[in-house]
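An overview of the molecular structure
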Amino acid sequence: MPSVTSPIQSFKTRRERLLAWMHTQGGGIAILPTAALRPRNRDNHYTFRHDSDFFYLSGFKESDAWLVLIAGDVDQSILFCEGKNPEAEIWNGKRWGPQAAAEYFDFDQSYDVSERDQRIPELLLGHAQLFTPLSNVSNQQLLTHVHDWVAVAQRKSRGTRATPVKWLDLCEPLAEMRLIKDATELSIMKEAASISAQAHVRAMQATHAGLHEYELEAELLHTFRKRGAQGVAYDSIVAAGANACVLHHPAGNSVMHDGELVLIDAGCELEGYASDITRTFPVNGRFSGAQRALYEIVLHAQKEAIAHTSPTHHWNAGHEAAVRVLTQGLLDEGLLKGTLEQALETSTYSRFYMHRTGHWLGMDVHDVGTYRAPPLGAEDRPWRMLEQNMVLTIEPGLYVRPAEDVPEAFWNIGIRIEDDAVITAQGCELISRGVPVEIAEIEALMKG
Ligand code: GLY
Ligand code: MN
Ligand code: MN
């Protein structure tokens, strides 16, 4: 693994790499906003979360900020951010302000965002190509702003200077960059996974009959925040008993009962990076016969998927391996009928396993990056090969709803086991194994 550079240098290196890519496309100017601050109710906003692409290139976490990159005779990176304002800072906390931000984050120039609408049209002059995250639909205002700025630039130019006539999407090159994590990212992601694993251990140890799902959510949050994570990477799923058959059941008011399983799918976000772990365990600390049988199938499926997760495998190999094991297990336990090949061909397993075995993991919990080989285009592209320093989840599961043709012992059992894996030279490294996964280890931990 390359050595970890300072995060500030990492952000700069990424800007340089994107600028180099822009040059391969003929050069031009790029404009990227951070996320919008979203109102929640009177005088109150949802907790601000920066835009992932913007943060990836800037390291800047404040709202109302824009990044401009110029791939020209001289490359430039320019930040627009909120100006210093002592009165506003009394209410909302310190701001960097353009000058200090430029020095700390190593931008060539920086301006108060109040100057944005005047300066960006000037910066557009002389550039025929404009790059923006066009296919990122979360910023509804971006295109309106860009249209306005191009219109002003056209008026200023009076036909004498180039203005953008070709608009290119930044999302695909950024997704390709983000798919392969650098050393700084890997070290943050390992720490995030370690924090989340510890939180799962705490929740397992706290579990007993009579607790509510929300009480386990509180145990998870305790460790996330205690160890410095900024919050959750997604709302914690804590699902008691039958609730586990709802894949994204948010921690609610349900009480956990003796004899049931509880499924926790939870991960913290640390310095902008997600972790994503699922464990399923018995409320009373001992797996029953039916629970044990299905758990062993899911665990076996995860082991097979892990064995098919390496640079010699393509993206879908782990899923295919997991589905085979799960389907054979469902046949063995009498939940499916027929032969393995028939069940696979007709996808009868999908009644009990309706999601895929993983997803890319990074700044977004379902991170960017195509699962088929680039470039984007036809649907029949082959699955992409895994590469060193990609990060993904491996998360098989089984979810059994009551039905006449299903043995009653399995009704309402929902099991998922999810770990986070970094692709290495030979295989993959599981970075979330600070929480046990084997039945004997889980039972020993819960015994105390
Ligand atoms: N936590 C959502 C997922 O596992 O994809
Ligand atoms: Mn996941
Ligand atoms: Mn998950």
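Everything below is about the structure printed above this text.
What comes next is a walk through the structure. (Residues numbered from 1 in each chain as written. Chains lettered and ligands numbered in written order. Predicted model: local features only at pLDDT ≥ 70, side-chain atom pairs only at ≥ 80, totals over all residues. Heavy atoms only, no water.)

Once that is clear, we can look at the coordination of the manganese ion (ligand 3). For the manganese ion (ligand 3), the full set of protein donor atoms is Asp265 (OD), Asp265 (OD), Asp276 (OD) and Glu418 (OE), and the range of their distances to it is 2.1 to 2.4 Å. Taken together, the six donor atoms coordinating the manganese ion (ligand 3) and their angles of 57 to 170° define a geometry best described as irregular. Between consecutive donor residues of the manganese ion (ligand 3), the sequence gaps follow D-x10-D-x141-E. Between the two metal centres, the manganese ion (ligand 3) and the manganese ion (ligand 2), the spacing is 3.2 Å, with Asp276 acting as a shared donor. In this pair, Asp265 is assigned in strand E11 (residues 261-266) and Glu418 in the loop between strand E17 (413-416) and strand E18 (419-423), connecting sequence segments 153 residues apart. Neither Asp265 nor Glu418 differs from the other in exposure class; each is buried. (Donors = N, O, S within 2.8 Å, 3.2 Å for Na, K, Ca; no water. Tetrahedral: all angles 85-135°; square planar, octahedral: opposite > 155°, others 65-115°. Helix = DSSP H or I, 4+ residues; strand = E, 2+ residues; numbered from the N terminus. Buried < 20%, exposed > 50% of the residue type's maximum accessible area, 1.4 Å probe, protein only.)

In this section: the coordination of the manganese ion (ligand 2). For the manganese ion (ligand 2), the full set of protein donor atoms is Asp276 (OD), His359 (NE2), Glu395 (OE) and Glu418 (OE), at a range of 2.0 to 2.2 Å. One can describe the site at the manganese ion (ligand 2) as irregular: its six donor atoms subtend angles covering 49 to 155° at the metal.

It is worth spelling out the sheet that holds strand E10 (residues 237-240) at this point. Read across the sheet, three strands follow the order E10-E11-E14 without closing on themselves; strand pairing throughout is antiparallel. Two strands lie at the open edges of the sheet, namely E10 and strand E14 (277-282), each paired on one side alone. Across this sheet, the average inter-strand angle for adjacent strands is 10°, counted without regard to direction. Here E10 pairs with E11 via four bridges, running antiparallel. Bridge pairing in E11 links Ala240 to Val262. Against the sheet, helix H8 (residues 183-206) contacts E11 and E14, and its axis sits at roughly 15° relative to E14. (Pairing = 2+ DSSP bridges. Axes fitted to C-alpha atoms, helices over the stretch in contact; angles between N-to-C directions. Contact = heavy atoms within 4.5 Å.)

Looking at the secondary structure, you find Thr278 in strand E14. A distance of 3.3 Å separates polar atoms of two side chains, one belonging to Thr278 and the other to Asp265. Polar contacts involving the side chain of Thr278 include one to the side chain of Glu418, which spans 2.7 Å. Apart from residues lying up to four places away in sequence, Thr278 is in contact with His200, Leu263, Ile264, Asp265, Arg416, Ile417 and Glu418. (Polar contact = N/O pair within 3.5 Å; in protein donor to acceptor, adjacent residues only side chain to side chain.)

Another aspect to go through is the sheet that holds strand E9 (residues 231-232). Sheet architecture is open: three strands sit in the order E9-E12-E13, paired in antiparallel fashion. The open sheet has two edge strands with one neighbour each: E9 and strand E13 (273-274).

Spatial relationships are all this shows, so hold off on functional conclusions.
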